[in-house]
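As a plain string of letters, each chain reads:
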Amino acid sequence: MKNRIQVILLIVAVFSCAGLSADGGKALVGGTLINGLGSTPIQNSVILVRDGQIERVGTVDTLPVPEGYEVISTEAMSVLPGLWDMHVHLMINGHSDYSYWDVAYADKLASEIMPASAVQLLLAGVTTARDLGAPLEDSLSVRDRINAGEIPGPRMFMSGPFIQHAAYPGTEAFRWGVEGERDARAKVRTLAEAGVDIIKLIDQDEMTYEEAFAVVDEAHKQGLKVVAHAHRPDEIRRGLEIGVDNFEHTGLAAAPEYPPDVMQLIKERTATGRVRGGPLYWTPTVEGLWNYDYTRDLPEKLDSSCWHRGLEDSTIEDIRNSIAEPSELLYFQLTPKRKPTLIRKVTQLRDAGVVLLVGTDSGIPMKFHCQSTWNELDVWVRIMDIPAMETIQSATYWPSKFMGVENEWGTIVAGRHADIIAVKGDVLKYINLLQDVDFVMKGGVVYKQDGLPIEENLQSR
Ligand SMILES: [Zn+2]
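Residues numbered from 1 in each chain as written. Predicted model: local features only at pLDDT ≥ 70, side-chain atom pairs only at ≥ 80, totals over all residues. Heavy atoms only, no water.

Colleague: Help me understand the overall build of the protein chain, please; the structure alone is not making it clear to me.
Modeller: Across its full length, the protein chain holds 17 helices and 20 strands. Rg of the C-alpha trace for the protein chain: 22 Å, near the compact-globule value of 23 Å for 461 residues, within the 12% margin. In the form shown here, the protein chain has an accessible surface area of approximately 19,100 Å², with 52% of it arising from carbon and sulfur atoms. (Helix = DSSP H or I, 4+ residues; strand = E, 2+ residues; numbered from the N terminus. Rg over C-alpha atoms; globule rule 2.2 N^0.38 Å. Areas by Shrake-Rupley, 256 points an atom, 1.4 Å probe, with all protein chains shown as cover.)

Structure representation (structure tokens):
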């Protein structure tokens, strides 16, 4: 008798595990589908999902739900590809003091901090994210554990350590300085061989030309793209000269706009996009700057518990204390002077034919992973006057194209990974509905439904 019960329990266990991967199929039925390709939304859509993939896409008139499929209603909802955030920092979580944080939490990054950041992104509807700067082993471990289904999180692209002229004191674990061309190549090769997905380059204007060129040249030889900071005019000039693939941040501090010679260089690059293997990409990361004074004066959103998930109580307390007085944060002192320049700079880039990508710098002081991404889309649409459809493409199709996986995921097309989110209402008219995503599916697994986390699928294994 006891044996029989054990056998039955075993069968139940096997079936419930199998339910996560080789499921009987799911059908998302009824919502307005924005597929990420920029075309007219499809009303009364039907998406069939099986074995983690999108099997077919149609409408209630053209695509009947086959027998045995679990029907999930998306009536009255906008349905779109899982969002991408192209600039996150899993190793930080809103704390205001980096030099303290980098020491105090160095041993907890892979076990606590980065997994917490990852699950917070996922529940915010971010099913793919690019992490730009963290210790190498921690980065790869977190990415690989997510991919193995051991911990929940977005599909991650990891840069590992920054490559730069010289590490800032105390940050050697995630910033690698280079000395000479050979060293630049060697460091890039070390990262490539370890398995990073992209190279993050900063301060390229402080390197010799030979060093900076070697970083990009070696990365390209290793099949990796290079994403680089654009804070200073010379950082942009040098970056364009050496063939950087994607710039980050609007930069230029409080200066009102990009100078004419920089704009000329950018336009020459966007004019040769096809020759160089693709357009020039830029991740402006504006929302943290744009929202700073609002958050300082109305800090209510910092009281949300959405950023607590996955963190120890003591960590939460530590972060909360560090941002208790938002107006005293030195990190943001120049921000009010930068804010009025952001619209002009983003408009200059967009008018020059640059492909903008949604990214946030999520994790910087007061910027929580559960809140940053929708804020970026909101600022683009509401403040920067970028159409919602274009903005959504910059958070779905274009990032997937940049990372070279556009045939695998990033849009809602048959044959792609089933990374799908849904939210009540019309996101093309009200983009800020994305602050409360009702449904999150990644690889066919549902992590959030009816606005609530599905805890059994969010457990670590
Ligand atoms: Zn960043």
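Colleague: What is the right way to look at the pattern of salt bridges in this model?
Modeller: Note that side chains of opposite charge can pair when their charged atoms are close. Within this structure, the stated rule accounts for 27 salt bridges. A salt bridge links Glu-206 to Arg-232; its shortest N-O distance comes to 3.7 Å. Placement of Glu-206 in the loop between strand S12 (199-201) and helix H6 (209-221) and of Arg-232 in the loop between strand S13 (226-229) and helix H7 (233-242) is noted, with a sequence separation of 26 residues between them. Given a relative accessible area of 42%, Glu-206 falls into the partly exposed group. Residue classification places Arg-232 among the partly exposed positions, given a relative accessible area of 30%. A salt bridge links Arg-309 to Glu-455, with the shortest nitrogen-to-oxygen separation between them at 2.6 Å. Placement of Arg-309 in the loop between helix H10 (292-297) and helix H11 (313-322) and of Glu-455 in helix H17 (residues 455-458) is noted, with a sequence separation of 146 residues between them. Using a relative accessible area of 25% as the deciding quantity, one classes Arg-309 as partly exposed. Classification of Glu-455 as partly exposed rests on a relative accessible area of 39%. (Salt bridge = Lys/Arg side-chain N within 4 Å of Asp/Glu carboxyl O. Buried < 20%, exposed > 50% of the residue type's maximum accessible area, 1.4 Å probe, protein only.)

Colleague: Explain the nonpolar core here, please?
Modeller: Nonpolar side chains in soluble globular proteins tend to end up buried together. Core analysis: the biggest nonpolar cluster contains 106 residues, and Ile-163, Ile-199, Leu-201, Ile-236, Ile-266, Trp-282 and Leu-434 have the highest contact counts within it. With 9 residues, the top contributor of residues to this core is helix H3 (residues 109-123). Apart from the residues lying within four places of it in its own chain, the contact partners of Leu-434 are Trp-374, Leu-377, Ile-421, Val-423 and Val-427. Counting 15 residues, the second-largest nonpolar core is a separate cluster that includes Leu-33, Ile-412, Ala-418 and Ala-422. (Core = buried A, V, L, I, M, F, W, Y, C linked by side-chain atoms within 4.5 Å. Contact = heavy atoms within 4.5 Å.)

Colleague: Would you explain the coordination of the zinc ion in this entry?
Modeller: For a metal with four tetrahedral donors the ideal donor-metal-donor angle is 109.5 degrees, whereas six octahedral donors ideally subtend 90 or 180 degrees. Ligation of the zinc ion by protein atoms is provided by His-87 (NE2), His-89 (NE2) and Asp-361 (OD), these donors lying 1.8 to 2.0 Å from the ion. Sequence positions of the donors to the zinc ion reduce to the motif H-x1-H-x271-D. Looking at His-87, the relative accessible area reads 0%, which means it is buried. Judged by its relative accessible area of 8%, His-89 is buried. (Donors = N, O, S within 2.8 Å, 3.2 Å for Na, K, Ca; no water.)

Colleague: Help me out: how do you make sense of H11 in this one?
Modeller: Every buried residue of H11 is listed here: Thr-315, Ile-316, Asp-318, Ile-319 and Ser-322. The buried residues of H11 occupy an angular sector of 160° when projected down its axis, which confines them to one face. For H11, the exposed residues lying more than 90 degrees away from the buried face are Asp-313 and Asn-321. Close packing links the buried residues of H11 with helix H2 (98-104) and H3. (Arc of directions from axis to C-beta.)

Colleague: Explain the state of the cysteines here, please?
Modeller: By definition, a disulfide links the sulfur atoms of two cysteine residues through a covalent bond. Counted under the stated rule, the structure contains 1 disulfide. One disulfide bridge connects Cys-306 with Cys-370, the sulfur atoms lying 2.0 Å from each other. Linking Cys-306 and Cys-370, the disulfide has an S-S dihedral of approximately 50° and is accordingly described as right-handed. In this pair, Cys-306 is assigned in the loop between H10 and H11 and Cys-370 in the loop between strand S16 (355-356) and helix H14 (372-382), connecting sequence segments 64 residues apart. (Disulfide = S-S within 2.5 Å.)

Colleague: Mind showing me how you'd approach unusual backbone geometry here?
Modeller: Residues other than glycine predominantly adopt negative phi, and peptide bonds predominantly adopt the trans conformation. Located in the positive-phi region is Asn-44, a residue other than glycine, with phi close to 50°. Tracing the backbone shows Asn-44 in the loop between strand S2 (32-33) and strand S3 (45-50). Unlike most non-glycine residues, His-249 shows phi in positive territory, near 75°. Relative to the elements of secondary structure, His-249 occurs in the loop between strand S14 (246-248) and helix H8 (260-271).

Colleague: Got a minute to help me understand the pairing of strand S6 (residues 77-81) in this structure?
Modeller: Residues in a regular strand point their side chains to alternate faces of the sheet. Most of S6 is tucked away: 5 of the 5 residues are buried. For S2 and S6, the ladder comprises 2 bridges, and the chain directions are parallel. Looking at the pairing, Leu-33 lines up with Val-79 of S6. In this sheet, strand S17 (residues 420-424) lies alongside S6 in antiparallel orientation, the contact comprising 5 bridges. Counted as the bridge partner of Met-77 is Lys-424 from S17. (Pairing = 2+ DSSP bridges.)

Colleague: Whenever I open this one, the sheet that holds strand S7 (residues 83-88) confuses me. Can you help?
Modeller: Hydrogen bonds between backbone atoms are what pair the strands of a sheet, whose relative direction is either parallel or antiparallel. One open sheet accounts for 3 strands, arranged S7-S8-S9; its pairing is parallel. Edge positions in the open sheet fall to S7 and strand S9 (155-158), since each of these has one partner strand only. Neighbour to neighbour, the strand axes of the sheet diverge by 15° on average, direction disregarded. (Axes fitted to C-alpha atoms, helices over the stretch in contact; angles between N-to-C directions.)

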